[in-house]
Amino acid sequence: MTERSNKGLAIFSISLILMAVVFLSPSEDSEISRSHNYPFSEIDIFSEGEIIEFHPNSVELHNNWTVSPELPQGLRMFKDSFQISDEAIDSHGNRTCSITHIGGVMCWSDFSQYNDLAEVLFNEEGGDFVVTEISVGGKHDCALINYSVSTEINCWGSDANGQMGDGWEREDNHSPTSISSVEGSWTDLSSGDSHSCGVLSRSEIYCWGGGEFGQIGDGSRADRYIPARVVIEGNSQFVSIKSGDFHNCALTSEGEVWCWGWNGYGQIGSGNFEDSFFPLRVDLGEGANVKEIFTGPAHSCAIIETGYGYCWGSNVERQISYVEEEGFEWPMRIFPDSKINEIGIM
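Predicted model only: the values in this text are computed from it and were never measured.

Draft legend 1. Layout of the pattern of salt bridges. For the structure on display, the rule yields 7 salt bridges. Of the charged contacts in the structure, one is a salt bridge between R170 and D159, with a shortest N-O distance of 3.6 Å. Residue R170 is found in the loop between β13 (151-158) and β14 (172-178), and its partner D159 is found in the loop between β13 and β14; the two are separated by 11 residues along the sequence. Judged by relative accessible area, which is 24%, R170 ranks as partly exposed. A relative accessible area of 0% means that D159 is categorised as buried. E204 is the partner of R202 in a salt bridge, and the nearest nitrogen-oxygen pair spans 2.8 Å. Ionic contacts of the salt-bridge type, sharing partners, join the residues D159, D166 and R170 into one network.

Draft legend 2. Geometry of the nonpolar core. With 13 residues, the main nonpolar core has V257, C259, L284, V290, I293 and W312 as its most contacted residues. Contributing elements (two or more residues each) for this core: β20 (247-252), β21 (257-261), β23 (290-295), β24 (299-304) and β25 (309-314). For I293, the residues in contact, after removing those within four places along its chain, are S240, K242, C249, A250, L251, V257, C301 and A302.

Draft legend 3. Seen up close, the pairing of strand β12 (residues 140-147). With 6 of 8 residues buried, β12 lies mostly within the body of the structure. Inspection of the sheet shows strand β11 (residues 129-136) paired to β12 by 7 bridges, in the antiparallel sense. Residue pairing in the sheet places S135 in a bridge with C142 of β12. Counted along the chain from β11 to the antiparallel partner β12, the turn is 3 residues long.

Draft legend 4. Representation of the sheet that holds strand β15 (residues 186-191) within the structure. Read across the open sheet, the 4 strands follow the order β15-β16-β17-β18; overall the sheet is antiparallel. A strand with exactly one partner marks an edge of an open sheet, and here the two such strands are β15 and β18 (224-229). With strand direction ignored, the average angle separating the axes of adjacent strands in the sheet is 20°. Pairing analysis gives 5 bridges linking β15 to strand β16 (residues 195-200), with the strands arranged antiparallel. Within the sheet, the bridge partner assigned to D188 lies in β16 and is V199.

Draft legend 5. Broad picture of unusual backbone geometry. Its identity is not glycine, yet S203 carries a phi of approximately 75°, on the positive side. Residue position: S203 is located in the loop between β16 and β17 (205-209). Note on S203: relative accessible area 14%, which makes it buried.

Draft legend 6. The pairing of strand β9 (residues 105-108), seen in detail. Burial along β9 is two-sided: the residues V105 and C107 and M106 and W108 are all buried. In this sheet, β9 lies alongside strand β8 (residues 95-100) in antiparallel orientation, the contact comprising 4 bridges. Looking at the pairing, S98 lines up with M106 of β9. Between β8 and the antiparallel strand that follows it, β9, lie 4 residues; G103 among them carries a positive phi value of about 90°.

Analysis parameters
Residues numbered from 1 in each chain as written. Predicted model: local features only at pLDDT ≥ 70, side-chain atom pairs only at ≥ 80, totals over all residues. Heavy atoms only, no water. Salt bridge = Lys/Arg side-chain N within 4 Å of Asp/Glu carboxyl O. Helix = DSSP H or I, 4+ residues; strand = E, 2+ residues; numbered from the N terminus. Buried < 20%, exposed > 50% of the residue type's maximum accessible area, 1.4 Å probe, protein only. Core = buried A, V, L, I, M, F, W, Y, C linked by side-chain atoms within 4.5 Å. Contact = heavy atoms within 4.5 Å. Pairing = 2+ DSSP bridges. Axes fitted to C-alpha atoms, helices over the stretch in contact; angles between N-to-C directions.

Structure representation (structure tokens):
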């Protein structure tokens, strides 16, 4: 196997655990609808829309909520004031953001510079917008906002590499900023460590922010302070995007998967370990029709229409296979005797 990027080694040396959780046959009686596990916290989302967050240094229990020393009252306030939908929560490291039941955004963290508990996008009952998607990056966050006639993306946090996408060069931005340089309505959003990508209603993908590994997809390693259109062969119609730390995978309406960016562990599924500045189609076998894609920091997965699952990329923590191999440059069938409903990647 070729020598890995020094940055890639650093990422995995500080991560406590990175693996995939596969849901084969969820129980009908289970109260938990989805779990998110991260290096510093575990988040359970219950069917009635409440969140429970467990911290490793928790000291109290209040109404089934574990309260950590870093967040002495924030989570209790959050629970009492808002209900949370199953699909509307994202986390990266110690920071979590969620969409409230009235379409605003709340974020909390033990990094004081990003606020312990902050109502980032306030919305009143019956307001003129609703946040429909939230994506948390390394030190920045972005939200997909639905107005009555259009949708837009707002970002906030670190702007060291252009993560705000508004053309300004600054260190940090503590207020949500709209991306206005691209015409059209956004339909999907995903953020990596220092970049973000969005899908437009006309099925084009644009990315902005850090581009060191080619994750912008415009043929360069340059940071982009305004969204740059991802260059791809043919006329593929993209419907969704998922971002790892420094790579992306996108799903087309024809059920194809295209990936690009950092490839130190084979996470773009190209058959080698070389970074790609353009999207490359992942070969999942003849006739494979992908219905959903997932990305971790340095690995990727897909579920095809028949229910079979495939993963590729980092296997440092044996998140793909027990085979003693650090990474797989081709998709590997997981749980070959089972059909898979969902893959949760950490």
